[in-house]
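Summary of structural features
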Amino acid sequence: MTSSSVTGQGAGQGAGQGDGTLADQAYRAISDRLVTLQIRPGEPINDERIATELGFGRTPVREALKRLEHERLIVAYPRRGTFATEVQIADLGHISEVRRQLEPLAAGLAAQRAGAADRAALDRLLARLADISDSGTDLIRLDMTLHRAIYAATRNPYLEDTLIRYDNLATRIWCLFLDRLPGLAGHVHEHGPLLRAVIEGDAEKAVALAQGHVEGFEAAVRSVI
């Protein structure tokens, strides 16, 4: 799908997160489509076209693209233009090394630090998880939202930003093999016990569940490459 598809709200927005600046809104909208491969790896990115389709000026779109370049979702070449980065399967190991350490840390901290509003938001996500269809796109976007809600509950913006970046990269790999990976619904529904552990303040259980979730993701992808 071409960059003409970059319309609508970015689904990666965390529970309860405000709209933010125009650059934030543009970032979420474009990021969502890069992560879910609606903008395909290697596809050219035209900032003027995207600005027109999103209904923003070129300045917020350019600010968003700078952020996306820093996060390795796009790459700019002198005299050639800007492109969605290729998905490098060799990066799976590097990404997983980071996530194996930081996802359990985030889950444990969220269980310890989540306030009443965080727990209410996680409760709502549990209800959504129970009602979600088996649609691949819906499940992927819910998966992203669940992760971001846990990251937000850590009350550590640096950890949150880092994990969003690595979750985006991992999700791109996941989407690349989506038609070959069985058990998508089961992978997403694994979040149910994890969310309950965070809501109940059981840090030890949350850590173990997050560790298993990351390891299961890596194993599933490696089984089809």
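See the structure above.
Residues numbered from 1 in each chain as written. Predicted model: local features only at pLDDT ≥ 70, side-chain atom pairs only at ≥ 80, totals over all residues. Heavy atoms only, no water.

Here we take up the side chain of D143. Structurally, the position occupied by D143 is in helix α6 (residues 136-153). The buried charged residue D143 lacks any salt bridge, with R99 as its nearest oppositely charged partner at 6.4 Å. Apart from residues no more than four positions distant in its own chain, D143 is found in contact with W174, H187, V188, H191 and H213. (Helix = DSSP H or I, 4+ residues; strand = E, 2+ residues; numbered from the N terminus. Buried < 20%, exposed > 50% of the residue type's maximum accessible area, 1.4 Å probe, protein only. Lys, Arg positive; Asp, Glu negative; His and termini not counted. Salt bridge = Lys/Arg side-chain N within 4 Å of Asp/Glu carboxyl O. Contact = heavy atoms within 4.5 Å.)

This part is about the nonpolar core. If you look at the biggest cluster of nonpolar residues, it comprises 59 residues, and the most contacted ones within it are I30, L34, I45, V61, L68 and L122. Here the element with the most residues in this core is α6; it accounts for 8 residues. Listed in part, the 7 residues of the second largest apolar core include A106, L109, L159 and I164. (Core = buried A, V, L, I, M, F, W, Y, C linked by side-chain atoms within 4.5 Å.)

To continue, consider the pairing of strand β3 (residues 81-84). Pairing between strand β1 (residues 44-45) and β3: 2 bridges, direction antiparallel. Directly across from P44, in β3, lies its bridge partner F83. Pairing of strand β2 (residues 74-77) with β3 involves 4 bridges; the strand directions are antiparallel. Residue pairing across strands places V75 opposite F83, the latter belonging to β3. Counted along the chain from β2 to the antiparallel partner β3, the turn is 3 residues long, and its residue R79 has a positive phi close to 65 degrees. (Pairing = 2+ DSSP bridges.)

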